[in-house]
Amino acid sequence: MLICEICQLSFTSLNSLKSHKRDQHSSAAHIILENGESATIFRESGSSKFKCFCQKYFETIRGFQRHYNRNKCAAPESLNFSQEDPLLSSTPSTSSNINDETAESSVADSSVACSESRKLLTDLSFRKFESSFKAMDDQMKWKLSSGRTVEDVLYDFGMELEREHAVHSFILDTSDPEMKKLFTGQEWDEITRETELETTTLPESILNLIQEMNKTNIKEVKRVLLKYAEIRYSDYPTSDEFHIDKICYAIESL
Ligand SMILES: [Zn+2]
Ligand SMILES: [Zn+2]
């Protein structure tokens, strides 16, 4: 077991430790500006975070680079390129991306937050988030009357985060004040109105079944399944019996 001497997190391989140190503790991040020049951004001494030109803060290099590469935030005119370390400018930012790629599978899996309890996202989880978004059918998305689409808003928000969040599973938690901030008052009214309408309770017979299935061993689960045999092989007089059969079937095939 390897321990990071800076934050005391433990790692299973040297690669993951190195990648963790580079991402979370190294003080300089390289980015390629819109004009093709490369720039080095250092962590702020107070917050020890990277501050983008747009004033947003990032705790990891890859989080900052991902944000910057997506948004290409405008660099201030005053940015003085001549002061840049010539050695640093000769290494394009892609070099660190390549390094990230090789060590990526191990880095953040084992790294828990230095300051927060939520886990840092790996590049892999970002790619999954991205591909599940891209696989979405536009027609099936939730389009608000304002013209904006809920899934698109969640995606943009999720891409900016460095740590795990329900939004990475496209979960819109209406009790989360962070979520509310993403939408206008009018949009939020529409969203909460819809979710209220969509909340329905399961029929009692199905709730009972689920409760009965809450067993700690297979033998007992089998006994419950047996109990439902008659219902399951009926001609489904109501849709409840149909659903009971399908739930039992799903449990059986586990
Ligand atoms: Zn560390
Ligand atoms: Zn920015």
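On a predicted model such as this, the values are computed, not experimentally measured, just so you know.

With that settled, the discussion passes to the overall build of the chain. Secondary structure summary: the chain contains twelve helices and six strands in total. Counting across all 254 residues of the chain, residues that qualify as buried make up 17%. In the chain, 48% of the contacts between residues at least 6 apart in sequence involve partners at least 24 apart.

The next subject is helix α2 (residues 61-71). Residues spaced three or four apart along an α-helix face the same direction, because each turn holds 3.6 residues. The buried count for α2 comes to eight of eleven residues, which makes it a mostly enclosed element. Just past α2, the residue Lys72 takes up positive phi, approximately 45°.

For the pair helix α9 (residues 204-212) and helix α12 (residues 239-252), interaxial distance at closest approach is 9 Å and the crossing angle is 20°. Between α9 and α12, the crossing angle belongs to the class labelled roughly parallel. Between α9 and α12 lies a crossing of right-handed hand. Contact residues: α9 offers Ser205, Ile206 and Leu209, while α12 offers Asp240, His243, Ile244 and Ile247.

What follows covers the UniProt feature "domain: C2H2-type" (unreviewed entry) in the chain. Following the UniProt record, the feature "domain: C2H2-type" (unreviewed entry) maps to residues 2-30 here. As annotated, residues 2-30 comprises 41% helix and 24% strand, and the C-alpha atoms at either end are separated by 27 Å.

Attention now moves to the environment of Ser234. Looking at the element boundaries, Ser234 is found in the loop between α11 (229-232) and α12. Of the residues examined, Ser234 has 13 C-beta atoms within 10 Å and is grouped as partly exposed. For the pair Ser234 and Asp245, spaced eleven residues apart in the sequence, the C-alpha separation amounts to 9.3 Å.

Our focus in this paragraph is the confidence of the model for the chain. The predicted coordinates ought not to be read in detail in places where the model reports low pLDDT. Per-residue pLDDT for the chain averages 83, and the proportion of residues at 70 or more is 83%. Every residue in residues 82-115 is under pLDDT 50, and counting partners more than four places away or in other chains gives 56 contacts.

Once that is clear, we can look at the pairing of strand β3 (residues 28-32). For β3 and strand β4 (residues 38-42), the ladder comprises five bridges, and the chain directions are antiparallel. In the sheet register, Ala28 faces β4, and the bridge partner there is Phe42. A loop of five residues connects β3 with β4, the two strands running antiparallel in sequence, and Gly36 in this loop sits at a positive phi of about 90°.

This paragraph deals with the nonpolar core. Generally speaking, soluble globular proteins have nonpolar side chains that are buried together. Within the largest apolar cluster, nine residues are counted, these being Ala29, Ile31, Ala39, Ile41, Phe50, Phe58, Ile61, Phe64 and Tyr68. Listing elements by their share of this core, those giving two or more residues are β3, β4 and α2. It is α2 that provides the largest number of residues to this core, a total of three residues.

Glancing now at the environment of Gln186. Positionally, Gln186 belongs in helix α8 (residues 185-198). Along the sequence, Gln186 and Leu144 sit 42 residues apart, while their C-alpha atoms lie 9.6 Å from each other.

On to the environment of Leu161. With respect to the helices and strands, the residue Leu161 is situated in the loop between α6 (150-160) and α7 (177-180). The spatial distance from the C-alpha of Leu161 to the C-alpha of His67 is 8.7 Å, given a sequence separation of 94 residues.

Another aspect to go through is unusual backbone geometry. The phi dihedral of Gln8 falls on the positive side, at around 70°, and the residue is not glycine. On the secondary structure map, Gln8 appears in the loop between β1 (2-3) and β2 (10-11). Even without glycine at this site, Gln55 takes up a positive phi of about 80°.

So, how was this worked out
Residues numbered from 1 in each chain as written. Chains lettered and ligands numbered in written order. Predicted model: local features only at pLDDT ≥ 70, side-chain atom pairs only at ≥ 80, totals over all residues. Helix = DSSP H or I, 4+ residues; strand = E, 2+ residues; numbered from the N terminus. Buried ≥ 20, exposed ≤ 12 C-beta atoms within 10 Å, placed from the backbone. Contact = placed C-beta atoms within 7 Å. Axes fitted to C-alpha atoms, helices over the stretch in contact; angles between N-to-C directions. Parallel < 35°, antiparallel > 145°, perpendicular 65-115°, else oblique. Left-handed = near helix turned anticlockwise from the far one by under 90°. UniProt positions renumbered as here; feature names shortened; annotations may be inferred. pLDDT = per-residue confidence, 0-100. Pairing = 2+ DSSP bridges. Core = buried A, V, L, I, M, F, W, Y, C linked by C-beta atoms within 7 Å.

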